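The chain contents come next:
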Amino acid sequence: MDKTTEHQSTAENVATGTTQKTNIKPQKSTTFANVFKLCTDYDLQDFTSYNNWTKWLHRPVDASALGVFRMLYGAAMLIDIAEERGGSQMDVRFGEAKHCHFPLFDGIQAFSFPIMGCVYLCMWLGAIGIMLGYRFRLSCLAFVVPNWYIFLLDKPAWNNHSYLFGLVGTMLLFTQANRYCSLDKYLSPNLPSTVPYWNYFLIKFQFFILYMYAGLKKLTAEWLSGYAMSSLSRHWVLSPFRWVLTEELTDLLIVHWFTAIFDFSIAFLMTCGKTRVLATPFMISFHLMNSRLFIIGMFPWVCLAQVPMFYSCDWPRKFTLDNLKKFYYTTVKQNVMQDNKQPVNDKIEMLETKTQQQLTSTHKKDEPIVYCNACKKLVTTSGETSVGERIRSCIILLYCSLQLFLPYSHFLTQGYNNWTNGLYGYSWDMMVHSYDTILTTIKVVDNANSKVHYLDPYAFTEYDRWTKYADMAQQYARCIQKNIETEHQRNAAHSPLSSTNISIYFDIWCSMNGRFQQRVFDPRVDLLTAEWSPFKRTAWSLPLLNELNHLRPKLRTIANEVLAWNNYSDVIFVADFPGLTLDNYISPDLTNVSLTILEGNVRYYNDNVNETYFLTSGKSISLPSGNVHHVTTIGVKPSCYLFTYVNKTMQEENIEIIENSIDGKQMKSLLPLWQEFLMRVDNYKRFLQHMGNSVLYLLYDVPLPMAVRERN
């Protein structure tokens, strides 16, 4: 056994992140310090002063675990670029001149399709460089800048994991994650094998916040009531729970309660060494289940790549031959001691004594001493910190404070608040809200002749999140105005408008978390002239009718009763504000339509019958199909009512499908991994083609093949 192995057998590896300090006069630990050490694996003394905390952040640790995370993150981003970053649909998103974007700042504009292809190419090369660890800083910069640009360009595409990916890429830019298993390390063998611990701390803290805040956002009555993710228990992933629980209890106890407790506690359990091993299988199972339950791209896999970082920083090196030998000798020694009640391997005892003497004789008594397995030498940590280290610690503290503050900063940016607080993306309120939008109407009024025109809501965008946020709704209205003006100037003779003096009104009906369908915006407000500010509440954004929340259990009961009539019956619950009118056309495909008032007072008018009825709570009326009726809320309180109907067309088509299928059943793959793989390959082919076509167009003016966006 060589000298290196001797050191390894006596001194705790610095790469574990909990370096062993050798002091002549150890201080007695308090009870609280012992509890803190037990719960966090960290010494309380490291947090008692700014100087100690700075030393703790800058102590050298092994770079191997960080290097493995870097490779896995880079590989995940290579896949993510072609999918959730929209690489495979570049021609649809950036190839149409009239396509509307929703930037966070109005000054951000989309480049033309060929330029955007080069932007994606830069990001793609950066992700490859991150994965391989080649010219690491430049690769991180090449990935991060285009990633944030594309992120800020379209707010409707924001997701928590999109924000997370950008943050992780930015943090890697300032770390030395290329010091293990990288081309930079191969090309420069003298590159150190250790990194300051803050390289790990930043990333671990970010994921800690991710889990803890996701749990905090769910520890509310809104989530714990079980309305957000209803009917999720029917998914095959949750089928084992249905063996002992009903679907309703599975949705409530497993999907909502257990998830809230898990999200809040898992980061603490993974931080504590006593519970880490037990919590890891739950962590892995949770993310694997999420990858099946939801379409969330690389998010579960990036989280899984980060799980080993909760363990020792040198865990990848434990798979080397020297460490396997060390493990073997240690195991044999322990077994022999248990059998013979005495140590028999004198060589190991001699080496331990020799190494301990070397550690205590070659250094000052007051200096902490550790042996670094990565750099193969003794390391002495000084008691003083440099100015640069103190400044860096201050920056890290400010960053952590910002991440703690942002998810609850919505009282500042009230213009982005509507039914929920803030834009979806950086608040870690994952899956807390679910929406059901049944009607989206865009009315364009020609002010020159007062004629009304209706526009396809998705004529200029493929997103639908603009239907729920006032800032994006106004951005979309202005984009529509711009496109109408351009088209009118180009072909005024055939334009349906007599002038470009227009007004635009949105009438959007949506339900959140099992509530009534209600209006999102005031349909009487012209969005082109409406006032909006990021720092004050939007007056024309209608509030969520929380005063009707007490009826949600009743809505479930009524829905179950109506759905039990037959396989083709259905019900819609509607709530409206005083003074507003619902204009509803009943399709001839619907039969047995009825209107029932639950609360409030309404005035009902039918165009064909030309009669008006006043309906109060508990009253019902049958509605004829194939015509328009109007329901106006009167009084000072909101009204709520329901429509029940039978879908005649669905009934006829469903009967034919059952007759033509085998035993009335259609088989569906439970785990379509091969289909998903083929879909990802197809997306990647299109992504590479778009980048190649963009480069060829810019260099040689080769025509660009364009796809036509499918519209509903």
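See the structure printed just above.
Here the structure is a predicted model, which means the values were calculated and not measured.

Chemist: Can you walk me through the sheet that holds strand 11 (residues 590-599) in this structure?
Modeler: The pairing of strands in a sheet happens through backbone hydrogen bonds and is either parallel or antiparallel. Here we have four strands laid out as an open sheet, ordered 9-16-11-14, and antiparallel in their pairing. The open sheet has two edge strands with one neighbour each: strand 9 (569-576) and strand 14 (620-623). Ignoring which end each strand starts from, the neighbouring axes of this sheet average 20 degrees apart. Pairing of strand 11 with strand 16 (residues 639-647) involves seven bridges; the strand directions are antiparallel. By the bridge assignment, threonine 596 is partnered in strand 16 with leucine 642. This element, helix 19 (residues 552-563), spans strand 9, strand 11 and strand 16 of the sheet and lies at about 150 degrees to strand 9.

Chemist: Explain the pairing of strand 16 to me, please; I cannot follow it from the model alone.
Modeler: Regular strands have side chains that alternate between both faces of the sheet. The buried fraction of strand 16 is high, at nine of nine residues. Residues Ser639, Tyr641, Phe643, Tyr645 and Asn647 of strand 16 are buried on one face, and the alternating residues Cys640, Leu642, Thr644 and Val646, pointing to the opposite face, are buried as well. Of the strand pairs in this sheet, strand 9 and strand 16 are connected by eight bridges, and their pairing is antiparallel. Residue pairing in the sheet places valine 571 in a bridge with threonine 644 of strand 16.

Chemist: I keep staring at the sheet that holds strand 8 (residues 518-519) and nothing clicks. Help me out?
Modeler: Taking strand neighbours across the sheet as the criterion, the four strands line up as 6-5-7-8 in an open arrangement whose pairing is antiparallel. Of all strands in the sheet, those with a lone pairing partner are strand 6 (451-455) and strand 8, marking the two edges. Pairing between strand 5 (residues 435-446) and strand 7 (residues 502-512): 11 bridges, direction antiparallel. By the bridge assignment, tyrosine 435 is partnered in strand 7 with methionine 512. Its contacts with the sheet place helix 18 (residues 470-490) against strand 5, strand 6 and strand 7, and it is angled at close to 145 degrees to strand 7.

Chemist: In this structure, what is going on with helix 6 (residues 113-132)? I would like to understand it.
Modeler: The end-to-end C-alpha distance of helix 6, which contains 20 residues, comes to 29 Å, matching closely the 28 Å that a straight helix rising 1.5 Å per residue would cover. Of the surrounding secondary structure, the elements contacted by the buried residues of helix 6 are helix 4 (64-82), helix 5 (90-94), helix 7 (136-153), helix 8 (160-173) and helix 21 (673-700). Backbone geometry just after helix 6 places glycine 133 at a positive phi near 70 degrees.

Chemist: How should I be thinking about unusual backbone geometry in this particular structure?
Modeler: In most cases, non-glycine residues show a negative phi, while peptide bonds are predominantly trans. Located in the positive-phi region is aspartate 41, a residue other than glycine, with phi close to 65 degrees. Within the fold, aspartate 41 resides in the loop between helix 2 (31-40) and helix 3 (50-58). Although it is not a glycine, arginine 135 sits at a positive phi angle of roughly 45 degrees.

Chemist: Would you mind going over the environment of lysine 648 with me for this structure?
Modeler: Counting through the fold element by element, lysine 648 comes out in helix 20 (residues 648-660). Judged by relative accessible area, lysine 648 falls into the partly exposed class, the value being 36%. Setting aside its immediate chain neighbours within four residues, lysine 648 contacts Pro588, Asp589 and Thr591.

Chemist: I would appreciate a short explanation of the side chain of glutamine 517 in the present structure.
Modeler: Relative to the helices and strands, glutamine 517 is located in the loop between strand 7 and strand 8. A distance of 3.0 Å separates a polar atom in the side chain of glutamine 517 from the backbone oxygen of aspartate 436. Within the local environment of glutamine 517, its side chain forms a polar contact with the backbone nitrogen of cysteine 510, the two atoms lying 3.3 Å apart. In this view, glutamine 517 contacts Asp436, Ile438, Trp509, Cys510, Ser511, Ile572, Phe573, Val574 and Ala575; residues no more than four positions away in its chain are not counted.

Chemist: Help me understand helix 13 (residues 273-293), please; the structure alone is not making it clear to me.
Modeler: Every α-helix carries 3.6 residues per turn, so stepping three or four residues along brings you back to the same face. Taking 1.5 Å of rise per residue, the 21 residues of helix 13 would be expected to cover 30 Å, and the 30 Å separating its terminal C-alpha atoms lies within 8% of that figure. In helix 13, a bend of some 45 degrees at alanine 279 exceeds every other bend along the element, and proline 281, a proline, comes one to four places later. Every buried residue of helix 13 is listed here: Arg276, Ala279, Thr280, Met283, Phe286, His287, Asn290, Ser291, Arg292 and Leu293. Of the surrounding secondary structure, the elements contacted by the buried residues of helix 13 are helix 10 (198-218), helix 12 (247-271), helix 14 (299-306) and helix 21.

Parameters at a glance
Counting of residues starts from 1 at the beginning of each chain's written sequence and follows it residue by residue. Residues qualify for local features only when their pLDDT is at least 70, as the model is predicted, and side-chain atom pairs are given and counted only at 80 or more; totals for whole chains, interfaces and linings, by contrast, use all residues. The side-chain values count all of the structure's non-hydrogen atoms but skip hydrogen atoms and water molecules. A strand pair is defined by DSSP finding two or more bridges across the two strands. Runs of E in the DSSP output that reach at least two residues are strands. Runs of H or I that reach at least four are helices, and both are numbered from the N terminus. Note on geometry: axes are C-alpha line fits, over the in-contact stretch for helices, and angles between N-to-C directions span 0 to 180 degrees. Every residue pair with non-hydrogen atoms within 4.5 Å of one another is taken to be in contact. A simple rule labels every residue: compare its accessible area, found with a 1.4 Å probe on the protein chains alone, to the largest value its type can have, and call it buried under 20%, exposed over 50%, or partly exposed in between. In this analysis, the expected span of each helix is defined as 1.5 Å times one less than the number of residues it contains. Any pair of N or O atoms that falls within 3.5 Å is considered a polar contact. Within protein, one atom must be able to donate a hydrogen and the other to accept it, and sequence-neighbouring residues count only if both atoms are side-chain atoms. The bend at a residue is defined as the angle formed between two axes, one fitted to the seven residues ending at that residue and one fitted to the seven starting there.

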